[in-house]
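Observations on the three-dimensional arrangement
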Amino acid sequence: MTTLTHRARRTEVSKNSEKKMESEEDSNWEKSPDNEDSGDSKDIRLTLMEEVLLLGLKDKEGYTSFWNDCISSGLRGGILIELAMRGRIYLEPPTMRKKRLLDRKVLLKSDSPTGDVLLDETLKHIKATEPTETVQTWIELLTGETWNPFKLQYQLRNVRERIAKNLVEKGILTTEKQNFLLFDMTTHPVTNTTEKQRLVKKLQDSVLERWVNDPQRMDKRTLALLVLAHSSDVLENVFSSLTDDKYDVAMNRAKDLVELDPEVEGTKPSATEMIWAVLAAFNKS
């Protein structure tokens, strides 16, 4: 009986320790220098998906360009990177047969809730899926781009609207109804322009005043956002306010960044593999 009691206590201690580690992981994510922003709105914490959508929204109209067919997959890529940066998922270690980023499967590290509905929904899908899937497959499944009717259950629905509602709750957007001749559409104009300008300036500075010409030395979340903004076709919105000469410099540096070989960059010591795996998936699609 004494041995069983000790074992039960050890198990309980072990579980409590795991929960504490997960809690500390989230706390570290919140306090990480990568997530600290200067400016009046530094206390507002945005996910990568929220930042991408905010960059893609027309300020007054409150909707993304009707011609942008890239942002849906870009938002799903942001979900995978966000989960990896929060310590919930990771890429399986490379082997002789699976060295390439796109060949390696996405594995679950922790199923502890993140507090974000989209992230937690994706986490449940990843946990329940056997056999495991690659980054590229997950982006396709979450977007609904699959011919397998049995895998349509993995599609995340109303993603833009759900992200927009998060931004409304954070005081950055508002909700309105607009009439487009034959139908009414819910729109989300930007009310907190300070927050959006802070985000735009951060990205502009990252390729101009703070350009380090080495992705491994860049702020990881800024690097991820540049990759996602480019893949979501919203990078033009970020640099459009620059003068012509600065615009050319910024676009060329961003282009050089996303044209790096993900396989090479992903193997470097300080690399966040998921960022480069998502870029590799977009380059292939």
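Residues numbered from 1 in each chain as written. Predicted model: local features only at pLDDT ≥ 70, side-chain atom pairs only at ≥ 80, totals over all residues. Heavy atoms only, no water.

We now examine the overall build of the protein. Within the protein, the regular secondary structure consists of 12 helices and four strands. Counting all 285 residues of the protein, 47% fall into the buried class. Counting only contacts in the protein whose residues sit at least 6 apart along the sequence, the fraction spanning at least 24 positions is 66%. (Helix = DSSP H or I, 4+ residues; strand = E, 2+ residues; numbered from the N terminus. Buried < 20%, exposed > 50% of the residue type's maximum accessible area, 1.4 Å probe, protein only. Contact = heavy atoms within 4.5 Å.)

Right, let's talk about the confidence of the model for the protein for a bit. When pLDDT is averaged along the protein, the result is 86; 84% of the residues meet or exceed 70. Scored below 50 in pLDDT, residues 17-25 makes five contacts in the model with residues more than four places away or belonging to other chains. Across residues 27-42 the pLDDT falls below 50, and counting only partners more than four positions away or on other chains, this stretch makes 21 contacts in the model. (pLDDT = per-residue confidence, 0-100.)

This part covers the side chain of H188. Here H188 shows up in the loop between strand 4 (183-187) and helix 7 (193-207). Under the relative-accessibility criterion, H188 is labelled buried at 4%. At a separation of 3.3 Å, a polar atom in the side chain of H188 contacts the main-chain carbonyl oxygen of T174. A distance of 3.2 Å separates polar atoms of two side chains, one belonging to H188 and the other to T175. Apart from residues lying up to four places away in sequence, H188 is in contact with L57, G62, E161, A164, V168, L173, T174 and T175. (Polar contact = N/O pair within 3.5 Å; in protein donor to acceptor, adjacent residues only side chain to side chain.)

This paragraph deals with the packing of helix 3 (residues 71-85) against helix 12 (residues 273-284). Following both chains from N to C, one finds helix 3 and helix 12 inclined at 160°, their axes separated by 9 Å at the closest point. If you check the angle between helix 3 and helix 12, you find them roughly antiparallel. As helix 3 packs across helix 12, the resulting crossing turns out to be right-handed. The segment helix 3 lies against helix 12, with S73, G74, G77, L80, I81, A84 and M85 engaging M274, I275, V278 and F282. (Axes fitted to C-alpha atoms, helices over the stretch in contact; angles between N-to-C directions. Parallel < 35°, antiparallel > 145°, perpendicular 65-115°, else oblique. Left-handed = near helix turned anticlockwise from the far one by under 90°.)

Our next topic: helix 5 (residues 135-143). Residues that lie three or four places apart on an α-helix share one face, since the helix turns once every 3.6 residues. Of all nine residues that make up helix 5, seven are buried, and the element is covered over most of its length. Every buried residue of helix 5 is listed here: V135, Q136, W138, I139, L141, L142 and T143. Close packing links the buried residues of helix 5 with helix 3, strand 1 (89-91), strand 2 (106-108), helix 4 (117-128) and helix 12. Positive backbone phi, at 90°, marks G144, one or two positions downstream of helix 5.

Here we take up the pattern of salt bridges. Counting across every chain of the model gives 14 salt bridges. A salt bridge links K170 to E50; its shortest N-O distance comes to 2.8 Å. Of this pair, K170 sits in the loop between helix 6 (159-169) and strand 3 (176-180) while E50 sits in helix 2 (residues 48-56), placing them 120 residues apart in sequence. Judged by its relative accessible area of 31%, K170 falls in the partly exposed class. Classification of E50 as buried rests on a relative accessible area of 2%. Across the salt bridge formed by E265 and K268, the nearest N and O atoms sit 3.3 Å from each other. Through salt bridges with shared partners, a single ionic network connects E82, R86 and R221. (Salt bridge = Lys/Arg side-chain N within 4 Å of Asp/Glu carboxyl O.)

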